[in-house]
Amino acid sequence: MIKKRLIALCFMITALSFITSCANKGTTSSALLVYCKADEKDMYDALADMYKSNKPNVSVEIRTYNEGEGVNQADKADIISGLSFNEAQTLGLSKKLSDIGGLPEERTIDYLLLSDKDGIQYSLPLSGNVSLIYYNQAKFSLSGVPKPETLSSFESLFTIFKEEGIKPMAFSVNSSGQYDTLYFADGFTLNAPGGFKGVVDADGQLNSGIYDIESMARMMIEDIPAREDSPKDHAALVEFFKSGSIAMIPGSSADAEKLDRTLFGYFIAPGNDNSRNVGWHSTAAVALSASSKKTKEAKDFITFLLSNDAQKYISDKTNSLPAIRGINVKDSLESVYEELQYTDGAAVTFFDRISQSDAQQCKVFFDSLFSSNEEVKYEDFINGLKDSKNK
């Protein structure tokens, strides 16, 4: 009798374990899976909690991946965060990401970023920093020059500063010992005709903004600090700028909180005379997996990420600009954020649109422009580019 009861009890425990296991599996599989970089997890955990507070029946699970492994998550996730624009485009063209399908109608008018050529959206920036040129107000006042708004007026600054013996600009150097020209290049490359194409287009034509960069380099080469005398990273460049020996440095809106606005101003990184597109460096962006079985739920969550409350939180957490107008941002970002309303719009930067190998080619090439008076070999540069042709 006791033996029969023990057998029955074991059967009940086994059955109960099986039912519990199935229930747990059902909960996990029904959750919306968001994969993000490890340093984004706290932010997405908080956003998921905010989302679920209004949708208690929705389950959102946040998982992380190691640096550089975001492209391997497309088959696992519903939503992927942390991909570069180029990585998202590559995955999208290989059918591993879906077109997010544009913005919710009520958010379209408030979105700060310009749409791309064909309207297909494989990656949606949620926050970012924009490229700026910071200037020493005392040196500008001494020379009687206004903030430049065009390439022509920017070029004239160098002639004036040179005549007055003022060092016009400095760059930092990167870990490879090259001039770091990323922020400086953004305005020229984005505002060139067809500037969204990257380095070269499908016909092998070079972004014309690169010729403008060469022209500027020829003007500046004798007056910028040599590489061996330049600050060794961007943070050091900002500190060097504070000393007052240089008129301008390239940077981004992330530097605003480090500089006293009574001493230092800024202007949008210049481009050509007819457009004022601003280079946008994403600090948070999301993509939609093509293998997701929860496309509607994923899009609902992405719509939430563009809400005022979520955008405020993301902006504060990443110390960067929200992608939506009308958000109450930190004091250090307020003036930059307001000025964006009067530009032609922000667009994902040139360097983020190209592969890492092509970006490295550009860094080497731009460094050569600012450090050597030798004849520029554009054909060798174009032939060395591997992946930047517009697909």
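Residues numbered from 1 in each chain as written. Predicted model: local features only at pLDDT ≥ 70, side-chain atom pairs only at ≥ 80, totals over all residues. Heavy atoms only, no water.

A. Structural context of the overall build of the chain. From N to C terminus, the chain includes 15 helices and ten strands. For the chain, buried positions account for 48% of its 391 residues. Once local pairs closer than 6 in sequence are excluded, the contacts in the chain between residues at least 24 apart make up 76%. Surface exposure of the chain reaches about 18600 Å², of which carbon and sulfur atoms provide 51%. (Helix = DSSP H or I, 4+ residues; strand = E, 2+ residues; numbered from the N terminus. Buried < 20%, exposed > 50% of the residue type's maximum accessible area, 1.4 Å probe, protein only. Contact = heavy atoms within 4.5 Å. Areas by Shrake-Rupley, 256 points an atom, 1.4 Å probe, with all protein chains shown as cover.)

B. Highlighting the pairing of strand S10 (residues 345-348). Side chains Gly-345 and Ala-347 of S10 all project onto a buried face; the interleaved residues Ala-346 and Val-348 project onto the opposite face, where all are buried too. Bridge analysis of strand S8 (residues 277-289) against S10 gives four bridges, and the strand direction is parallel. Opposite Gly-279, over in S10, you have Ala-347 as the bridge partner. (Pairing = 2+ DSSP bridges.)

C. Local environment of the pairing of strand S6 (residues 248-252). Here S6 lies mainly inside the structure; five of its five residues are buried. Covered by surrounding structure in S6 are Met-248, Pro-250 and Ser-252 together with Ile-249 and Gly-251, the residues of both alternating faces. Pairing geometry for strand S5 (residues 124-136) and S6, over five bridges, is antiparallel. Opposite Tyr-134, over in S6, you have Ile-249 as the bridge partner.

D. Up close: the nonpolar core. Grouped together as the largest cluster of nonpolar side chains are 56 residues, with contacts concentrated most on Tyr-44 and Phe-301. When sequence neighbours within four positions are dropped, the list of residues in contact with Phe-301 reads Leu-32, Val-34, Leu-47, Ala-48, Tyr-51, Val-60 and Ile-79. In terms of nonpolar packing, the next biggest core, distinct from the first, is built from 43 residues, Tyr-179, Phe-188, Met-220 and Met-248 among them. (Core = buried A, V, L, I, M, F, W, Y, C linked by side-chain atoms within 4.5 Å.)

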